[in-house]
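# Secondary and tertiary structure notes
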Amino acid sequence: MPAIGDDMDAPPLASFAVDESAAVILHWSTLPPMSHIALYAGSFDPVTRGHLDLMRRSLHFVDTLVVAVATNPKKSSLFSADERVRFITEATADEPRIQ
C-alpha cells in the first residue's frame, strides 16, 4: 500500500471535513516534495498533555501532522468543536508542522 503523498498523480487532498463548523484544509502546494504526512483524528474533549505529547513526538518521523477534531453526535461534549480547535491551535502555535 503506498504511503500518503506517494501518488502525486492522484487528485490533491482539498479538505477533510469534520463537521459543519470545523474543517482541516491542507494545500499540497504548501508542502515540500515527498512529504510524510500523518493524520491524528480524535475528539480531544478536552485536549490533554498526553495528546500534545503524541503530536510533538510524531514530528520525529513525519514532516507534517494534520490534527482533525471530530464530533460524536451520540455524546455530549464538554467543549464545542471550535473551542477544541482553538485550544489545540494555541497549544501548538510554536510548531508550524502541526496543522
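The structure under discussion appears in the preceding block.
Reference entry: report on the structure contained in this document.

Parameters and conventions
- Residues numbered from 1 in each chain as written.
- Predicted model: local features only at pLDDT ≥ 70, side-chain atom pairs only at ≥ 80, totals over all residues.
- Heavy atoms only, no water.
- Helix = DSSP H or I, 4+ residues; strand = E, 2+ residues; numbered from the N terminus.
- Buried < 20%, exposed > 50% of the residue type's maximum accessible area, 1.4 Å probe, protein only.
- Contact = heavy atoms within 4.5 Å.
- Areas by Shrake-Rupley, 256 points an atom, 1.4 Å probe, with all protein chains shown as cover.
- Salt bridge = Lys/Arg side-chain N within 4 Å of Asp/Glu carboxyl O.
- Phe/Tyr/Trp six-rings, centres within 6.5 Å; stacked < 30°, edge-to-face > 60°.
- Arc of directions from axis to C-beta.

### Remarks on the overall build of the protein
On a plain count of helices and strands, the protein comes out with two helices and four strands. Across the 99 residues that make up the protein, the buried fraction comes to 29%. Considering only contacts in the protein between residues 6 or more positions apart, those separated by 24 or more positions represent 69%. Split by element, the accessible area of the protein, about 6,800 Å² in all, is 59% carbon and sulfur.

### Structural notes on the pattern of salt bridges
The tally for this structure, following the rule as stated, stands at four salt bridges. For Arg86, the salt bridge goes to Glu90, with nearest N and O atoms at 3.5 Å. Placement of the pair is Arg86 and Glu90 together in helix H2 (residues 81–91), with a separation of four residues, close to one helical turn. What makes Arg86 partly exposed here is its relative accessible area of 42%. Accessibility expressed as a relative area gives 53% for Glu90, which makes it exposed. A salt bridge links Glu95 to Arg97; the shortest N-O distance between them is 3.3 Å. Take Glu95: its relative accessible area is 18%, and that puts it in the buried class.

### Focus: the packing of aromatic side chains
All chains considered together, the criterion is met by two aromatic pairs. Pairing Tyr40 with Phe44 gives two aromatic rings, centres 5.1 Å apart and planes at 90°, and the pair type is edge-to-face. Measuring from centroid to centroid gives 5.0 Å for Phe79 and Phe87, while their planes differ by 90°, and the two rings are edge-to-face. Among the residues examined, Phe87 registers a relative accessible area of 22% and is labelled partly exposed.

### Description of helix H1 (residues 49–58)
All buried positions along H1 are accounted for by Leu52, Met55 and Ser58. Relative to the axis of H1, the buried residues are bounded by an arc of 130° and lie together on one face. Along its buried surface, H1 packs onto strand S3 (37–42), strand S4 (64–69) and H2.

### Details of unusual backbone geometry
Note the cis peptide between Asp45 and Pro46, where omega equals 0°. Structurally, Pro46 is set in the loop between S3 and H1.

Fair warning: the whole summary comes from geometry, so function is off the table for now.
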